[in-house]
Amino acid sequence: MLAVISIWLWPMRVGWNVCSRNPLPLKVFRIRKGITMVENSLLLTDLYQLSMLECYARYGMDATASFEFFVRKLPSRRGFLMAAGLEQLVAFLEGMHYSNEELDWLRESGLFAASFVDDLAELRFTGDLDAMPEGTIFFPDEPVVRVTAPLPEAQLVETRLVNLLHFQTVIASTAARMVLAAPGRQLIDFGLRRAHGAEAGLLAARAAYLAGFAGTATLAANRVFDIPVVGTMAHSFVQAHDDEAIAFERFARVRPNALTLLIDTYDTERGARFVANLAPRLAREGIAVKAVRLDSGDLAAHARAVRTILDEADLQNVRILVSGGLDDRALLSLCSSGAPIDGFGVGTSLTTAADAPALDCAYKLQEYAGRPRRKMSEGKVTWPGCKQVYRHYAADGTIAGDVVALLDETADGEALLHPVMRAGRRCGLLPRLAEARAHAATSLARLPAPLRRLQASGVSVRISDGLRSLADDMDRARRGS
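Here is what the cut-offs are and how they apply
Residues numbered from 1 in each chain as written. Predicted model: local features only at pLDDT ≥ 70, side-chain atom pairs only at ≥ 80, totals over all residues. Heavy atoms only, no water. Helix = DSSP H or I, 4+ residues; strand = E, 2+ residues; numbered from the N terminus. Contact = heavy atoms within 4.5 Å. Areas by Shrake-Rupley, 256 points an atom, 1.4 Å probe, with all protein chains shown as cover. Lys, Arg positive; Asp, Glu negative; His and termini not counted. Charge placed at Lys NZ, Arg CZ, Asp CG, Glu CD. Axes fitted to C-alpha atoms, helices over the stretch in contact; angles between N-to-C directions. Parallel < 35°, antiparallel > 145°, perpendicular 65-115°, else oblique. Nonpolar A, V, L, I, M, F, W, Y, C, P; charged D, E, K, R; others polar. Disulfide = S-S within 2.5 Å. Polar contact = N/O pair within 3.5 Å; in protein donor to acceptor, adjacent residues only side chain to side chain. Buried < 20%, exposed > 50% of the residue type's maximum accessible area, 1.4 Å probe, protein only. Pairing = 2+ DSSP bridges. Arc of directions from axis to C-beta. Core = buried A, V, L, I, M, F, W, Y, C linked by side-chain atoms within 4.5 Å. Phe/Tyr/Trp six-rings, centres within 6.5 Å; stacked < 30°, edge-to-face > 60°. Lys NZ or Arg CZ within 6 Å of the ring centre and 35° of its normal.

Peer 1: Would you explain the overall build of the protein in this entry?
Peer 2: Across its full length, the protein carries 17 helices and 21 strands. Overall size of the protein, expressed as C-alpha extent along the three principal axes, is 80 × 60 × 40 Å. Restricting to contacts in the protein with at least 6 residues of sequence separation, those with at least 24 account for 73%. As displayed, the protein offers around 22200 Å² of accessible surface, 51% of which is attributable to carbon and sulfur atoms. In the protein, 55 positive and 55 negative side-chain charges are present, and the distance between their average locations comes to 2 Å.

Written out as structure tokens, the structure reads:
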């Protein structure tokens, strides 16, 4: 079953290399169970990627290149990041090609030579991909993904690769902090309506579930990724009724499974008393009130008052869920205060990663034609060559430190990058989302105690002697000394 929504992209005249012609329909959403929902169009790239490819083609620059994706530094308040988005990247690389319609558009655009566009028809990804598994904790300067392929292929994938890995890594890292802030509590993604577009909302639901969220309110995320879907009601449902108690009763009879009632439309404690009166009558009919939800006010104080009302009515099994402007700091405060809250619905701060919406990440050339390469731009110097990350653990099983070393160096520790694709094909089945989620939980459990408490203390990342020596040799050669 395939659902397709089309949008029209209209080019604008802005003084750069932009053509004006008939619009090209770009199919954006392909919602299909278990498959990435975004069409892998190679027009989802920057103009300069194809500009470089045309130059590479003119001068026969198609030797093997290796690029690595990494983060230069952590955002403030962050002590770690969590890798995510690999499944979508692999799907993109496997399906990488230009459709006939896209090739026609490129020919008519006049942006590129016709012969170059003709050659693009044969372009496929034939290279290798090595990566940290999704759910792996990582730190600055550590390659998370390495692409090794003929230079044009490795270059062209940059934009979409960064787009896919960066976004889900941002969200998974944000969600992981929330999981650590609210241990033992149920966390639900409520963020689709505030996400920056539909793709962002769906991938945010996936990344949050990977990091340890229990479910999502987004139906499409259930269909595409099998993420448990959870929901209550809106305040408008209660407002549409003249009587709040009647609204609760009607909803309960129509939606009796996993019944959760939103009780703060008018007066939170009054709403709780309505539930206390209604629950015994529903129970006689086999309908159980599973939870109540609070969405406003002093959530800790209201939760305590509601818990008292429910307990006095012998409704100890009715859980209290809260939502409304929550972030990791609010979760930490509510949980540390001892408020009787069983779960949280988190929206805006999750799907927009409001406190750290972007990472200082990069996808840089590390080797070409058998020679290491090093960027020397001020403030953006890279470590040259193809690398591996080795992790060491303390006696208690927590992460003690990492070493970034060259591939041909001998190093101890757990190697974090693993083969994912060879010669354009998967090496095997990727872990299912449930398996990646379990790996993420193990990764969080192995964080040092300060990081589990959300302190911004870092884990030591050491650059190996061999890597430093290579960089020094390259610097001397560049200076001519």
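After presenting the structure, the write-up continues.
Peer 1: What should I look at first to understand the packing of helix H6 (residues 158-181) against helix H13 (residues 328-336) in this one?
Peer 2: A packed helix pair is summarised by two numbers, namely the angle formed by the two axes and the spacing between the axes. Viewed as axis vectors pointing N to C, H6 and H13 meet at an angle of 5°, and their least axial separation amounts to 8 Å. Considering their axes alone, H6 and H13 lie roughly parallel with respect to each other. Contact residues: Arg177, Met178 and Ala181 in H6; Asp328, Leu331, Leu332 and Cys335 in H13. The residue inventory of the contact of H6 with H13, partitioned by class, reads five nonpolar, no polar and two charged.

Peer 1: Any chance you could explain the state of the cysteines here in plain terms?
Peer 2: Structurally, a disulfide amounts to a covalent bond that connects the sulfur atoms of two cysteines. Within the structure shown, the criterion is met by zero disulfides. Cys386 supplies the cysteine sulfur nearest to Cys361, a cysteine that is in no disulfide, at a spacing of 19 Å.

Peer 1: Would you mind going over the environment of Glu249 with me for this structure?
Peer 2: By secondary structure assignment, the location of Glu249 is in helix H10 (residues 244-254). Separated by 91 residues in sequence, Glu249 and Glu158 place their C-alpha atoms 54 Å apart. What Glu249 contacts, discounting residues up to four positions off in sequence, is Leu278 and Arg281.

Peer 1: Could you clarify how one ought to interpret unusual backbone geometry in this entry?
Peer 2: Backbone geometry follows two general trends: most residues other than glycine have a negative phi, and most peptide bonds adopt the trans configuration. Even without a glycine there, the phi angle at Arg77 is positive, about 75°. Structurally, Arg77 can be placed in the loop between strand S3 (64-73) and strand S4 (81-82). Positive phi is not limited to glycine here, since Ala353 has a value of about 45°. Looking at the secondary structure, you find Ala353 in the loop between helix H14 (348-351) and strand S14 (360-368).

Peer 1: Mind showing me how you'd approach the environment of Arg146 here?
Peer 2: Locating Arg146 in the fold gives a position in strand S7 (residues 145-150). For the pair Arg146 and Glu158, spaced twelve residues apart in sequence, the C-alpha to C-alpha distance is 11 Å. Those residues within four positions of Arg146 in sequence are excluded, and the remaining contacts are Ser66, Phe67, Glu68, Asp128, Leu129, Asp130, Cys386, Lys387, Leu407 and Leu417. At a separation of 2.5 Å, a polar atom in the side chain of Arg146 contacts the main-chain carbonyl oxygen of Lys387.

Peer 1: Looking at this model, I keep getting lost on the pairing of S7. Mind explaining?
Peer 2: As a general feature of sheets, a regular strand has side chains that alternate between the two faces. In terms of residue burial, S7 counts as a mostly covered element, since five of its six residues are buried. As judged from the six bridges shared by S3 and S7, these two strands associate in the antiparallel manner. The residue of S7 that forms the bridge with Phe67 is Val147. Taken together, the four bridges between strand S5 (residues 128-131) and S7 define a ladder with antiparallel strand orientation. Bridge pairing in S7 links Asp128 to Thr148.

Peer 1: Explain helix H3 (residues 100-109) here, please?
Peer 2: Of all the positions in H3, only Glu102, Leu103, Trp105, Leu106 and Ser109 are classed as buried. Seen along its axis, H3 keeps its buried residues to an arc of 160°; they face one direction. Opposite the packed face of H3, turned more than 90 degrees from it, sit the exposed residues Asn100 and Glu108. Two residues or fewer after H3 comes Gly110, characterised by a positive phi angle close to 75°.

Peer 1: Please explain the side chain of Arg374 as it appears in this structure.
Peer 2: Residue placement: Arg374 occurs in the loop between strand S15 (371-372) and strand S16 (387-393). For Arg374, the side chain forms a polar contact with the main-chain oxygen of Thr382, separated by 2.7 Å. At a separation of 2.7 Å, a polar atom in the side chain of Arg374 contacts the side chain of Asp475. With residues up to four places along the chain from it excluded, the contact list for Arg374 reads Val381, Thr382, Trp383, Pro384, Ala471, Met474 and Asp475.

Peer 1: Which parts of the structure should I look at to understand the sheet that holds strand S9 (residues 215-216)?
Peer 2: As summarised here, the arrangement of the six strands in space is S9-S8-S13-S12-S11-S10, forming an open sheet in which the pairing is parallel. Of all the strands in the sheet, the pair left with one neighbour each is S9 and strand S10 (259-262). Examined bridge by bridge, strand S11 (residues 289-294) and strand S12 (residues 319-323) share four bridges and lie parallel to one another. Paired with Val292 across the strands is Ile320, a residue of S12. Contacts from helix H11 (residues 268-284) reach S10 and S11, with the element oriented near 170° to S11.

Peer 1: When you look at the sheet that holds S16 in this model, what are you seeing that I'm missing?
Peer 2: The strand order S18-S16-S17-S21 describes an open sheet built from four strands, whose pairing is mixed. Each edge of the open sheet carries a strand with a single partner, namely strand S18 (414-415) and strand S21 (461-463). Of the strand pairs in this sheet, S16 and strand S17 (residues 399-406) are connected by seven bridges, and their pairing is antiparallel. Opposite Arg391, over in S17, you have Asp402 as the bridge partner.

Peer 1: Mind showing me how you'd approach the nonpolar core here?
Peer 2: In summary, soluble globular proteins display a tendency toward joint burial of nonpolar side chains. By size, the foremost hydrophobic cluster in this structure holds 131 residues, and its most contacted members are Leu129, Val145 and Phe344. The contacts of Phe344, once residues within four sequence positions are left out, are Ala182, Arg185, Gln186, Leu187, Ile188, Val322, Leu326, Leu331, Leu334 and Cys335.

Peer 1: Just checking my understanding: could you explain the packing of aromatic side chains for this structure?
Peer 2: The way to describe two aromatic rings as a pair is by their centre distance and the angle between their planes. For the structure shown, the criterion picks out three aromatic pairs. Ring centres of Phe112 and Phe116 lie 5.8 Å apart, and the angle between their planes is 55°; on these two criteria the pair is classed as tilted. Residue Phe112 shares its accessibility class with Phe116, and that shared class is buried. Pairing Phe237 with Phe251 gives two aromatic rings, centres 5.4 Å apart and planes at 70°, and the pair type is edge-to-face. With Phe237 in helix H9 (residues 235-239) and Phe251 in helix H10, this pair connects stretches of sequence that are 14 residues apart. Classification of Phe251 as buried rests on a relative accessible area of 14%. Between the NZ or CZ atom of Arg374 and the centre of the ring of Trp383, over which it lies, the distance is 5.4 Å. The residue whose ring lies beneath Arg446 is Tyr393, and the NZ or CZ to ring-centre distance is 3.7 Å.

Honestly, it's all geometry; don't read function into it.
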